[in-house]
Amino acid sequence: MIKLTQKLKDELWWLVMSVDYDYSRISIADHEINGDFLTLWLEDKQDFKNSLDDCLQLDISLKNFAKMIRADGLNSYEGTKMHPKKGFVYKTRIEINEPIKWYREDAGASEQQWAREAALKNVLTQLVESEVYDGR
């Protein structure tokens with residue numbers, strides 16, 4: 001889970017309401033990795049903006065982005081390994097690379113897009129679940 005400020009929550013809720021709760025209308029207009037953050041600029045697919053200044057800017061720390069990649073298994077695949085001492089074969093997730101290194105060096109353009117979209121989905125899910133939890 002990432003920490004969402006109240007201002008960001010309000011802005012995300014405004015975006016969700018502006019797309020009539022149709023999350024598939026929320027798109028990533030642009031993205032950038034700089035320093036310790038992945039920055040996503042979000043907009044409504046049916047109301048494209050003329051500049052990034054008009055889009056909602058979402059900053060996700062690379063530490064949290066790495067957690068999301070690992071949790072979704074994007075940097076790994078299911079395979080079999082042999083136990084080094086006991087000699088039996090077992091199924092496991094085999095990590096290709098550390099999450100951020102995988103994103104930068106190993107992932108293709110479509111895999112990078114999936115990772116960014118998965119991060120957006122995680123943030124929106126967290127937003128909805130935290131409001132439901134807070135409302136009890």
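As the structure is a computational prediction, the values presented were derived from the model and not from experiment. Within each chain, residues carry numbers counting from 1 in the order of the written sequence. At least 70 in pLDDT is required for a residue's local features to be given in this predicted model, at least 80 for side-chain atom pairs to be given and counted, and no such filter applies to totals for whole chains, interfaces and linings, which use all residues. Water and hydrogen atoms were dropped before computing side-chain values, which therefore reflect all heavy atoms in the structure.

Caption draft 1: Geometry of the overall build of the chain. Each helix is a run of H or I in the DSSP string that is no shorter than four residues. Each strand is a run of E no shorter than two, and both are numbered from the N terminus. Regarding its fold elements, the chain presents four helices and five strands. Starting at the N terminus and ending at the C terminus, the chain contains elements arranged as α-β-β-β-α-β-β-α-α. A principal-axis box enclosing the C-alpha atoms of the chain has dimensions of 55 × 40 × 25 Å. For the chain, restricting intrachain contacts to residue pairs at least 6 apart in sequence, the fraction spanning at least 24 positions comes to 45%. Per-residue accessibility takes into account occlusion by the displayed protein chains alone, with areas from the Shrake-Rupley method and a 1.4 Å probe. Accessible surface computed for the chain: about 8,900 Å², of which carbon and sulfur atoms make up 49%. On the chain, the mean spot of the 19 positive side-chain charges and the mean spot of the 24 negative ones are 11 Å from each other. What makes two residues a contact is simply this: any of their non-hydrogen atoms within 4.5 Å. Under this rule, positive means Lys or Arg and negative means Asp or Glu; His and the chain ends count for nothing. Charge placement uses NZ in Lys and CZ in Arg. For Asp and Glu, CG and CD serve respectively.

Caption draft 2: Focus on the environment of Ile28. The topology assignment puts Ile28 in strand E1 (residues 26–34). Each residue is assigned to one of three classes by its accessible area relative to the maximum for its type, calculated with a 1.4 Å probe on protein chains only: buried under 20%, partly exposed between the two thresholds, exposed over 50%. Given a relative accessible area of 22%, Ile28 falls into the partly exposed group.

Caption draft 3: Quick peek at the environment of Arg70. Take Arg70: it is sitting in helix H2 (residues 62–72). Separated by 61 residues in sequence, Arg70 and Lys9 have C-alpha atoms that sit 24 Å apart. Sequence-distant contacts of Arg70, defined by excluding residues within four places in its chain, comprise Asn75, Glu95, Glu98 and Pro99.

Caption draft 4: Spotlight on the sheet that holds strand E2 (residues 37–44). Spatially, E1-E2-E3 is the arrangement adopted by the three strands of the open sheet, whose pairing is antiparallel. The two strands at the open ends of the sheet, each matched to only one other strand, are E1 and strand E3 (56–61). On average, each strand axis in the sheet is inclined to that of its neighbour by 25 degrees, with strand direction left out of account. Any two strands are treated as partners once DSSP identifies two or more bridges connecting them. Where E2 lies against E3, six bridges are found, and the strand directions are antiparallel. By the bridge assignment for E3, Leu42 is matched with Leu56. Helix axes are fitted only over the stretch in contact, all axes being lines through C-alpha atoms; the angle between N-to-C directions runs from 0 to 180 degrees.

Caption draft 5: View of the side chain of Asn64. Considering the arrangement of structural elements, one finds Asn64 in helix H2. Given a relative accessible area of 15%, Asn64 falls into the buried group. For Asn64, the contacting residues outside a window of four places in its chain are Met1 and Ile2.

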